[in-house]
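# Working through the structure, step by step
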Amino acid sequence: MSESQTVRLLPWSTPDGNPCFLAGDGSGYVSRVADSIETMQLDVADDLLGHADDMLGDSKATARELRFLAAELTVALRDTRRVAVSRGTRLSSSVPGPEGHGNDASAGG
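Rules of the game
- Residues numbered from 1 in each chain as written.
- Predicted model: local features only at pLDDT ≥ 70, side-chain atom pairs only at ≥ 80, totals over all residues.
- Heavy atoms only, no water.
- Helix = DSSP H or I, 4+ residues; strand = E, 2+ residues; numbered from the N terminus.
- Buried < 20%, exposed > 50% of the residue type's maximum accessible area, 1.4 Å probe, protein only.
- Contact = heavy atoms within 4.5 Å.
- Areas by Shrake-Rupley, 256 points an atom, 1.4 Å probe, with all protein chains shown as cover.
- Axes fitted to C-alpha atoms, helices over the stretch in contact; angles between N-to-C directions.
- Left-handed = near helix turned anticlockwise from the far one by under 90°.
- Nonpolar A, V, L, I, M, F, W, Y, C, P; charged D, E, K, R; others polar.
- Pairing = 2+ DSSP bridges.
- Expected span 1.5 Å × (residues − 1).
- pLDDT = per-residue confidence, 0-100.
- Patch = residues over 30% accessible without salt bridge, like charges linked within 9 Å, V, L, I, M, F, W, Y side chains within 5 Å.
- Salt bridge = Lys/Arg side-chain N within 4 Å of Asp/Glu carboxyl O.
- Lys, Arg positive; Asp, Glu negative; His and termini not counted.
- Charge placed at Lys NZ, Arg CZ, Asp CG, Glu CD.

### Observations regarding the overall build of the protein chain
Tallying secondary structure elements over the protein chain gives 2 helices and 2 strands in all. Element order for the protein chain, N to C, with α for helix and β for strand: β-β-α-α. The buried share among the 109 residues of the protein chain stands at 19%. Contacts in the protein chain between residues far apart in sequence, at least 24 positions, make up 44% of those at least 6 positions apart. Surface accessibility of the protein chain: about 7,900 Å² in total, with carbon and sulfur atoms responsible for 56%.

Here you go:
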């Protein structure tokens, strides 16, 4: 793999739940689809937070409604964490460290 290529954690999994990765320079079709899905996932999380604020302030919210909200927030949090890990990994691999090297923890002395 060339220096301009990175490995990206994608915002979806295999049918059996394993993570999917993409090797490339980040400019291809699959990267653009992944960017779009990540944006959608973050937007959903944002909407759910607003809904949670409203529902938690409503003393008439039922236990069933709150359980459903908790389940949806769990999915959104899992998606958001995956986006953060993916973006953080790509960011740390693109930031030069001391002496022009990448951010490699094993380097140094």
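After that view, the rundown keeps rolling.
### Things to note about the packing of helix 1 (residues 29-56) against helix 2 (residues 63-94)
Closest axis-to-axis distance for the helix 1/helix 2 pair is 9 Å, and the angle between their directions is 145°. Seen from above, helix 1 lies across helix 2 with left-handed handedness. For the pair helix 1 and helix 2, contact is made by E38, Q41, L42, A45, L48, L49, H51, A52, M55 and L56 and by E65, L66, L69, E72, L73, A76, D79, T80, V83, S86, R87 and R90, respectively. Tallied by class, residues from the contact of helix 1 with helix 2 come to 12 nonpolar, 4 polar and 6 charged.

### Here we look at the pairing of strand 2 (residues 19-24)
Of the strand pairs in this sheet, strand 1 (residues 6-13) and strand 2 are connected by 5 bridges, and their pairing is antiparallel. Bridge pairing in strand 2 places S13 opposite P19.

### Notes on helix 1
Taking 1.5 Å of rise per residue, 28 residues should cover 40 Å, and helix 1 covers 40 Å from first to last C-alpha, within 8% of that figure. Where helix 1 is concerned, the buried positions are S31, A34, E38, Q41, A45, L48, A52 and M55. Elements that come into contact with the buried residues of helix 1 comprise strand 1, strand 2 and helix 2.

### Brief notes about the confidence of the model for the protein chain
Low pLDDT marks regions whose predicted coordinates should not be analysed in detail. Confidence along the protein chain averages 86 in pLDDT terms, with 83% of residues attaining 70 or more. Overall, residues 101-109 carries pLDDT values under 50, and its contacts beyond four positions in sequence, including any with other chains, amount to 8 contacts.

### With respect to the environment of L56
Mapping L56 onto the fold places it in helix 1. For the pair L56 and L66, spaced 10 residues apart in the sequence, the C-alpha separation amounts to 8.2 Å.

### A word on a negative patch on the surface
On the surface, D53, D54, D58 and E65 cluster together to form a negatively charged patch. Inspection of the secondary structure assignment puts D58 in the loop between helix 1 and helix 2.

### Let's talk about the side chain of S86
Inspection of the secondary structure assignment puts S86 in helix 2. Classification of S86 by relative accessible area gives buried; the value is 2%. In this structure S86 touches R8, L9 and E38, once residues within four positions along its chain are discounted.

### Structural notes on helix 2
Between its first and last C-alpha, helix 2 extends 46 Å over 32 residues, near the 46 Å set by a 1.5 Å rise per residue. Looking at the buried positions of helix 2, the neighbouring elements they touch are strand 1, strand 2 and helix 1.

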